[in-house]
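As a plain string of letters, each chain reads:
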Amino acid sequence: MDQRRTPLFTGLKNHIAKNPVQFHIPGHKKGKGMDQEFASFMGEAALSMDLINIEPLDDLHNPHGLIKEAQELAAEAFGADYTFFSVQGTSGAIMTMVLSVCHPGDKIIVPRNVHKSVTSAIIFSGAIPIFVHPALDNQLGISHGITPEAIEHACEAHPDSKAVLVINPTYFGVTADLKKIVSIAHRFSMPVLVDEAHGVHIHFHDRLPLSAMEAGADLAATSVHKLGGALTQSSVLNVKEGLITHKRVQSVLSMLTTTSTSYLLLASLDAARRHLATNGRHLAEHTLNLADQARKKINDINGVYCAGEELLGSPAAFDFDPTKLIISVKELGLSGYDVEVWLRKHYNIEVELSDLYNILCIVTSGDSLQEINLLIEGLTRLAREAHSDFYLKEVEVSIPEIPLLALSPREAFYSSTETIPFSEAAGRICAEFLMIYPPGIPIFIPGEIITQENINYINENIDAGLPVQGLEDDTLETIQVIKEHKAFQ
C-alpha cells in the first residue's frame, strides 16, 4: 500500500473545498455561530474540519469508504491484521480490549500497575482481576514490567483465565520480554492484550523495544496522540486475528464510541500514520540523539541521576525507551513534585509527571537542542541551590504492598456503602478508586482491603503535594467503604 496516501484527510479537505451549505450539526457552522474570540483563536481551517459522519465522509461505526481505507493503511503501518481508530482516547481502546474477551465472572491476569481504564473495564465487564506484582525498582521507587515467570505462574494457577494484559512499555518506558510473555499465554490459549499507550513510536526504530504487534500480541491499544503526532484523544486499536475476532472488537468499540465522532481527531490519525510510516525511523533517530545528549548532560549534574541502560538485565526490565528521561532527584533532598514546581516557576518548564522521587521528561521529534539545554540549565541551577539553600533530608524509597481483594470490583462498586474517616479505614473494604494521577495507577480499587501501610503511603503523597484523586470527598478526609451488616445481639 502507498503509505504516502491520506484518504481520510484528503477526502475531508476535498469536501471542505466544495463549500457545501450545511443544514446539519455542528451548529456553529464553520465557526460563524459561536463565540467569535474563540473562533478567531481556533482558526477557519480547524473549524471547517469540525464535521460529523455525513455520507461523503464515511462512518466510524460502519466504515466502508474513507475511514475504511485509512484504517487499512494504518493496519499495514503498525503490522496489524486490522486497525480501528479511537476518538475515545486509549482509555476507550483499553476498555474495548477487556470487554472483548471477558464476561461476568471471567478471570483476567493483569499487572497491578494498570491504568484506571483497565479497572473501569473490569467493573463494567464483571471480570475478576488476577493481579500480578510488577517488579519494583527500589532505587527509583517505580514499578517496571511483569516477568515471564510471573505470568507463567499466574497462567498455571488460573488456567481458566480469559486473557493476559500487559503494559508495554510502562509510563516510564520500561518493557519486559513481551515476546516470551505472548508465547507463554498462547500456550494456555489466552490472548494477550497490550496497553501500548506510551509506545506508538517503538514500531519504527530497531533501537526501541518490540511493539505489541511485532511480539505477536492479539490486541494493542496505542496512543497516537501521546508520541505519534496526532491530536489529543486520538488512538488506535490494533488486532491480530485468531484468538480474538475483529468483528467482536468492532462491535464492542462501537458500543463505547460516541456517534458524534470528531473528524479533526480522525484526520489527525490519518496524517500521523503517514508521518510515522514514511518518516518514523528518521524521527526516532533524531529523538534518540537528543535524549542521549540530555541523559549524558543530566548525569554530569551533582545530585541528579537520569536512568539509562543500567536499568536493564532483569526479566522485568528487558528493554527500555531512551526517549523517556527518568530523572531521580532524591539525592537533592527534594521530592519530584518540589522539582516540578521549581522548574515551572523559574524556567517555565512543564514536565510529564512527578512522584515522590523523580520527574519524568519526554523527548519527541518536536524537541530541539534549545529545549534540552534549557532543561539542563534549570537542573544545574536547582542542584547548585539545593546543596546550598535547601534543607537536605535523607529520602528512603518505599512502595506499599498490593492490598488483598476481598470482593470482585463490580460487586464492591455496586454494594451498599458507608462513609467513614479516611484515617480510620484500615481493615475495611474499599468501595472507591484512589490513585495518583498522572499516571493514574490505583492505590486502592473497589473490593480491596484497606491497609494502614497504604494509608500512610497516600498521606505521604498528599504531604508532598502530589495529585491524589478518585475519592468522592476531594478533601480526602473521608472514604466510602462497604457497609458492614452486624447480627442482632
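Everything here concerns the structure above.
Residues numbered from 1 in each chain as written. Predicted model: local features only at pLDDT ≥ 70, side-chain atom pairs only at ≥ 80, totals over all residues. Heavy atoms only, no water.

> Kindly report on the overall build of the protein chain, identifying the contributing residues and their values.
Looking only at helices and strands, the protein chain features 15 helices and 20 strands. Computed over the C-alpha atoms, the radius of gyration of the protein chain is 23 Å, within 12% of the 23 Å expected from 2.2 N^0.38 for a compact globule of 489 residues. With the C-alpha coordinates aligned to their principal axes, the bounding extent of the protein chain is approximately 70 × 65 × 50 Å. Across the 489 residues of the protein chain, 56% fall into the buried class. In the protein chain, once contacts between residues fewer than 6 apart in sequence are set aside, the share between residues at least 24 apart is 73%. A total of about 21400 Å² of accessible surface is found on the protein chain, and carbon and sulfur atoms cover 52% of it. Averaging the locations of the 37 positively and 60 negatively charged side chains of the protein chain gives two centres separated by 6 Å. (Helix = DSSP H or I, 4+ residues; strand = E, 2+ residues; numbered from the N terminus. Rg over C-alpha atoms; globule rule 2.2 N^0.38 Å. Buried < 20%, exposed > 50% of the residue type's maximum accessible area, 1.4 Å probe, protein only. Contact = heavy atoms within 4.5 Å. Areas by Shrake-Rupley, 256 points an atom, 1.4 Å probe, with all protein chains shown as cover. Lys, Arg positive; Asp, Glu negative; His and termini not counted. Charge placed at Lys NZ, Arg CZ, Asp CG, Glu CD.)

> Which residues make up the sheet that holds strand S17 (residues 434–436), and what are the values?
Pairing in this open sheet of three strands is antiparallel, and the strands run S18-S17-S19 from one edge to the other. On the outer flanks of this sheet lie strand S18 (441–444) and strand S19 (468–469), each paired with one strand and no other. For S17 and S19, the ladder comprises two bridges, and the chain directions are antiparallel. Its bridge partner being in S19, Met-435 is matched across the sheet by Gln-469. Sitting on the sheet, helix H15 (residues 452–463) touches S17, S18 and S19, and the angle it makes with S18 is about 130°. (Pairing = 2+ DSSP bridges. Axes fitted to C-alpha atoms, helices over the stretch in contact; angles between N-to-C directions.)

> I'd like a rundown of the pairing of strand S15 (residues 358–362), residues and numbers included.
Most of S15 is tucked away: four of the five residues are buried. By the bridge criterion, five bridges tie strand S13 (residues 324–328) to S15 in an arrangement that is antiparallel. Looking at S15, one finds that Lys-324 is bridged to Ile-362. Where strand S14 (residues 353–354) lies against S15, two bridges are found, and the strand directions are antiparallel. Bridging from a neighbouring strand, Ser-354 pairs with Ile-359 of S15. A loop of three residues connects S14 with S15, the two strands running antiparallel in sequence.

> Which residues make up the pairing of strand S6 (residues 164–167), and what values go with them?
Here S6 shows no split at all, with Val-164 and Val-166 on one side and Leu-165 and Ile-167 on the other all buried. Bridge count for S6 against strand S8 (residues 192–196) is four bridges, and the pairing is parallel. Pairing of Ile-167 across the sheet is with Asp-195, part of S8.

> Which residues make up the sheet that holds S13, and what values do they have?
Spatial strand order, S11-S13-S15-S14: four strands in an open sheet with antiparallel pairing. Unpaired on one side and paired on the other, strand S11 (305–306) and S14 mark the two borders of the sheet. Packed on one face of the sheet, helix H11 (residues 263–298) meets S11 and S13 and runs near 10° to S13.

> Break down the packing of aromatic side chains for me, citing the residues and quoting the values.
One pair of aromatic rings is described through two measures. These are the centre distance and the angle between the planes. All chains considered together, the criterion is met by four aromatic pairs. Here Tyr-171 and Phe-172 contribute two aromatic rings whose centre-to-centre distance is 6.4 Å and whose plane-to-plane angle is 45°, an arrangement assigned as tilted. The class for Tyr-171 is buried, based on a relative accessible area of 14%. When its relative accessible area of 9% is taken as the criterion, Phe-172 is described as buried. (Phe/Tyr/Trp six-rings, centres within 6.5 Å; stacked < 30°, edge-to-face > 60°.)

> Give a description of the pattern of salt bridges that names residues and reports values.
Applying the stated criterion to the full structure yields 15 salt bridges. Arg-207 is the salt-bridge partner of Asp-292, the closest N and O atoms lying 2.8 Å from each other. Of the two residues, Asp-292 sits in helix H11 while Arg-207 sits in the loop between S8 and strand S9 (219–223), which places them 85 residues apart along the sequence. For Arg-207, a relative accessible area of 32% gives the class partly exposed. Ionic pairing is found between Arg-273 and Asp-270, a salt bridge with its closest N-O pair at 2.9 Å. Here Arg-273 and its partner Asp-270 are both found in helix H11, three residues apart, which amounts to about one turn of the helix. With respect to burial, Arg-273 and Asp-270 carry one shared label: buried. A cluster of three or more residues bridged by salt bridges with shared partners is formed by Glu-340, Arg-344 and Glu-350. (Salt bridge = Lys/Arg side-chain N within 4 Å of Asp/Glu carboxyl O.)

> Give me the nonpolar core: which residues, what numbers.
Formed by 31 residues in total, the largest nonpolar core has its most connected members in Ile-108 and Leu-193. Listing elements by their share of this core, those giving two or more residues are helix H5 (89–101), strand S2 (107–111), helix H6 (116–125), S6, S9, strand S10 (235–239) and helix H10 (246–256). Per-element accounting of this core gives the leading share, six residues, to H5. With near-sequence residues (within four places) excluded, Ile-108 lies in contact with Val-98, Cys-102, Ile-122, Ala-127, Ile-128, Pro-129, Ile-130, Ala-163 and Leu-193. Membership of the second largest hydrophobic core comes to 30 residues, among which are Phe-9, Ile-52, Leu-60 and Phe-85. (Core = buried A, V, L, I, M, F, W, Y, C linked by side-chain atoms within 4.5 Å.)

> An account of H15 is needed here, citing residue identities and associated values.
Taking 1.5 Å as the rise per residue, H15 with 12 residues should run 16 Å; its terminal C-alpha atoms sit 16 Å apart, in good agreement. By the burial criterion, the buried members of H15 are Asn-454, Ile-455, Tyr-457, Ile-458 and Asn-461. For H15, the angular spread of buried residues about the axis comes to 160°, placing them on one side. Those residues of H15 hidden inside the fold are in contact with S17, S18 and S19. (Expected span 1.5 Å × (residues − 1). Arc of directions from axis to C-beta.)

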